[in-house]
Amino acid sequence: MSLLQEVAVGEPDPIRPRRVTGPTARIVAGKILRAVVTLAFVVVFNFFLFRLLPGDPIGLYTRGRNMDPEQIAALREELNRPIWEQFFAYIRNPFDPGIDSTRFSQPVWELIGERVWPTVLLLGTAIVIATIVGIWIGIRAGWKPGSRFDKVSTGTTLTLYSMPEFWLGMMLLIVLGVGAFGLPGFFPVGGIASPGVDTSTPAGWLNVLWHMFLPCLTLTLIYLADYSLVMRASLIDERKSEYLMLARAKGLRDVMVRKRHAVPNALLPTITLIFLSLGFVVTGAITVETVFSWPGLGLLTYEALRGPDIPLLQATFLLFSIAVIGANLIAELLYVVIDPRVRQ
Amino acid sequence: MSLATQRRRRALARFWEQFRHDRAGMAGLIILAFFILVAILAPILISPESLDVTKATGERFDPPSLAYPLGTDEDGRSILLLLAYGTRISLTVGLAATLISMVIGTAVGIMAGHFRGAGSHALVGVTDWFLVIPFLPLAIVLATVLGPSTLNLIIVIGITSWAGTARLIRAQTLSIEGRPYIERSKALGADNWHQMTRHVLPNVFPLVLANTTLTVAIVILSETTLSFLGLGDPLAPSWGAILDSAFSTGAVSQGAWWYVLPPGICVVLVVLAFTLVGRAMERIMEGRT
């Protein structure tokens, strides 16, 4: 009786027409709207941060550099306009091709355009390898917590997790690049390719791969530490579920219980967390690209802050924020699609 | 001694009894005790002159020897002494920035959980914003605008790392506020301040402590990263700043591993120790509830 009643409550009313926008569409729209608002705040913050602080902004823009009095006068003219006028000029198009870098005398977005691909190549490779290896380690460790494998891998990953990624990069560079402790230096000490090598030929690609090995190894080790710890914790949580006991009671072998039931459910939060951790990925990119002089966005950020080159710094901050907000949005939408509980 | 004090003292004794049997947690605690001792004794054992560039006695990039157990830096100073001083700076920055982060995080978390309406929504919105924005680019722009100094470094790290704590504390506050004794105190006429400080705060405090320990670990890593990027005080040799000068003076291409290896090991040990202690505290508290 009570079961029947429950079913009746869940049944849609046959008289009323079904609404076109279900709860899923509403949730998705809400999430997209929130991402846009977050981004809008980044743009506003980006504008006011460099203008509302006490002190002479000209000093900040020109710190540590010789500039023509003419250039300084032009800059002062620009900054003397009413603040709201400057604000609207900025928010109308933060990607204005007219924004010049103060250090490279080149438009900032042009500079960034040149540096995007090396970063995508390096981070993409590192994230893919780290995801596969990290999840594999996490599954093995989390399925038998307290086992020998678990103890060794958790100890190692916790140590890697406590490491500044650039320090690991510097050590790998000294030992495997320059050569120390009796080892000859085998790998290149920096850059994306040897001078004079044409990177559009197969031999050139190999040269790029050879240059990419150490920075990629550094980032992979750091990222996989994070991913495997998350996967391990997620699987340990899943092991407590009752449906696993049912699967075992049915007589399913341990391997199948793991593969068919526990891992797919434990993967969901892990994959989402990998997307959510893009901010952490960006940190690694900035410092590791710096150590290996890898000509990507991270090294560009370092060059901008050492200037300091304010317009370039603003642009890289905006770009990284867009990337991270975008990845967060994807993670949330993924959850809506995969996990039916979110839609209720 | 009031009843509440007695009860808290007993709870603390029980907590310590359990912590003592947690091997990983105790290992972390011993490592921390060692580094804190070094940080306190550094100015007593080492004269500031031995860190003076103009009075340095060693050669440039000397490998480890009896006189310089960890070799020398680009100015011929002993790296061992630099490290001991760096412990002081790194730990000070780490603890101070954590304090700022915890105060902001706890206050925002409790208020966002206690109040209803627009104010609470605004607090949650700000928290979410800080959670989403990538930490390092945000810290870089803030530190560049404020200028390089140790105090600014503390401020920058403090105001960029509180959001995770705030979210955790808000969730905990919401669950505590559902308990009957909060309703009872409301019925007795307690105002918002009294409810938040006398009823909610003592209840979220154990969680704050466990979270603090884990936050210090992250904050010390952040300090190392920002100092490595040259955003700290150039004259204060924190571990990150030592790695910065090793990198910018070409210690890597010279193969001077003794300049790079030790500061990193110090960072790893301290961060790992804080993480182990924090995880042990979490384990004990989870087991209890």
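Residues numbered from 1 in each chain as written. Chains lettered and ligands numbered in written order. Predicted model: local features only at pLDDT ≥ 70, side-chain atom pairs only at ≥ 80, totals over all residues.

J.: I'm lost on the overall build of chain A in this one. Help?
T.: Looking only at helices and strands, chain A features 15 helices and 0 strands. For chain A, with 344 residues in total, the buried portion stands at 35%. Considering only residue pairs separated by 6 or more positions, chain A has 70% of its internal contacts joining residues 24 or more positions apart. (Helix = DSSP H or I, 4+ residues; strand = E, 2+ residues; numbered from the N terminus. Buried ≥ 20, exposed ≤ 12 C-beta atoms within 10 Å, placed from the backbone. Contact = placed C-beta atoms within 7 Å.)

J.: Would you explain the overall build of chain B in this entry?
T.: Helix and strand content of chain B: 11 helices and 0 strands. The N-to-C order of helical and strand elements in chain B reads α-α-α-α-α-α-α-α-α-α-α. With respect to the principal axes defined by its C-alpha atoms, chain B has extents near 75 × 45 × 30 Å. In chain B, which comprises 289 residues, the share counted as buried stands at 44%. Long-range pairs, those at least 24 residues apart, make up 71% of the contacts in chain B with a sequence separation of at least 6.

J.: Looking at this structure, how should I read the interface of chain A and chain B?
T.: Listed as interface residues are 40 residues of chain A and, on the opposing side, 32 residues of chain B. If you list the elements that add at least two residues to the side of chain A that touches chain B, you get α2 (23-49), α7 (148-161), α8 (165-179), α12 (278-291), α13 (297-306) and α14 (310-338) of chain A. The residue inventory of the side of chain A that touches chain B, partitioned by class, reads 28 nonpolar, 11 polar and 1 charged. (Nonpolar A, V, L, I, M, F, W, Y, C, P; charged D, E, K, R; others polar.)

J.: For this particular structure, what's the right way to read the nonpolar core?
T.: A general trend in soluble globular proteins is that nonpolar side chains are found buried together. One finds A:M170, A:Y223, B:A139, B:I140, B:V260 and B:V271 to be the most contacted residues of the largest nonpolar core, which totals 144 residues. Counting residues per element, this core draws most heavily on helix α11 (residues 257-288) of chain B, at 18 residues. If we ignore the near neighbours within four places in the chain, the residues touching A:M170 are A:V291, B:F247, B:V252 and B:V260. (Core = buried A, V, L, I, M, F, W, Y, C linked by C-beta atoms within 7 Å.)

J.: Quick question: what am I supposed to make of the packing of helix α6 (residues 108-143) of chain A against α13(A) here?
T.: Two packed helices can be described by the angle between their axes and the distance between those axes. Residues and elements named next belong to chain A. Direction vectors running N to C along α6 and α13 enclose 135°, while the axes themselves pass 7 Å from each other. Comparing their axes, α13 and α6 come out oblique. Contact residues: α6 offers L111, I112, R115, V116 and T119, while α13 offers L297, G298 and L300. (Axes fitted to C-alpha atoms, helices over the stretch in contact; angles between N-to-C directions. Parallel < 35°, antiparallel > 145°, perpendicular 65-115°, else oblique.)

J.: It is not clear to me how the confidence of the model for chain B should be interpreted in this structure. Could you clarify?
T.: Reading predicted coordinates in detail is not appropriate for stretches of low pLDDT. Residues and elements named next belong to chain B. Per-residue pLDDT for chain B has a mean of 84; in total, 91% of the residues score no lower than 70. Here helix α8 (residues 180-187) stands out as the least confident element of chain B, with mean pLDDT 82; helix α6 (residues 150-160) is the most confident, with 90. Both confidence scores are given for the complex: pTM 0.83, ipTM 0.84. (pLDDT = per-residue confidence, 0-100.)

J.: What is the right way to read the environment of B:G230 from this model?
T.: Within the secondary structure, B:G230 is located in the loop between α9 (192-228) and α10 (239-248). Spatially, the C-alpha atoms of B:G230 and B:L243 are 10.0 Å apart, while their sequence positions differ by 13 residues. With residues near it in sequence (within four places) discarded, B:G230 still touches A:R306, B:P148 and B:D244.

J.: What is the right way to read helix α4 (residues 118-132) of chain B from this model?
T.: Helical geometry: 3.6 residues make up each α-helical turn, so side chains three or four residues apart lie on a common side. Between the first and last C-alpha of α4(B) there are 21 Å, a value that for 15 residues agrees with the 21 Å anticipated at 1.5 Å per step. Looking at the buried positions of α4(B), the neighbouring elements they touch are α2 and α14 of chain A together with α3 (79-114) and α7 (163-177) of chain B. (Expected span 1.5 Å × (residues − 1).)

J.: What am I meant to see in unusual backbone geometry here?
T.: Where the residue is not glycine, phi is negative for most of them; where a peptide bond is considered, it is trans in most cases. The residue A:S293 is not glycine, and still its phi comes out positive at about 45°. Considering the arrangement of structural elements, one finds A:S293 in the loop between α12 and α13.

J.: What am I meant to see in the environment of A:I274 here?
T.: Residues and elements named next belong to chain A. With respect to the helices, strands and loops of the structure, I274 is situated in helix α11 (residues 254-276). According to the C-beta neighbour criterion, I274 is buried, with 22 such atoms within 10 Å. Along the sequence, I274 and T125 sit 149 residues apart, while their C-alpha atoms lie 14 Å from each other. Ignoring anything within four residues of it in the chain, the contact list for I274 reads T131 and Y227.

J.: Would you explain the packing of α3(B) against α9(B) in this entry?
T.: All names here are of chain B. Two elements in contact, α3 and α9, have axes whose closest approach is 7 Å; the angle formed by their N-to-C orientations is 145°. Judged by the twist between their axes, the crossing of α3 over α9 is right-handed. Of the residues in the contact of α3 with α9, the class split is 13 nonpolar, 10 polar and 1 charged. (Left-handed = near helix turned anticlockwise from the far one by under 90°.)

J.: Mind showing me how you'd approach the environment of B:L272 here?
T.: With respect to the helices, strands and loops of the structure, B:L272 is situated in helix α11. What makes B:L272 buried here is the crowd of 21 C-beta atoms within 10 Å. When the C-alpha atoms of B:L272 and B:G232 are compared, they prove to be 23 Å apart, with 40 residues separating the residues in sequence. Setting aside anything within four residues of it in sequence, one finds B:L272 in contact with A:L158, A:T159 and A:S162.

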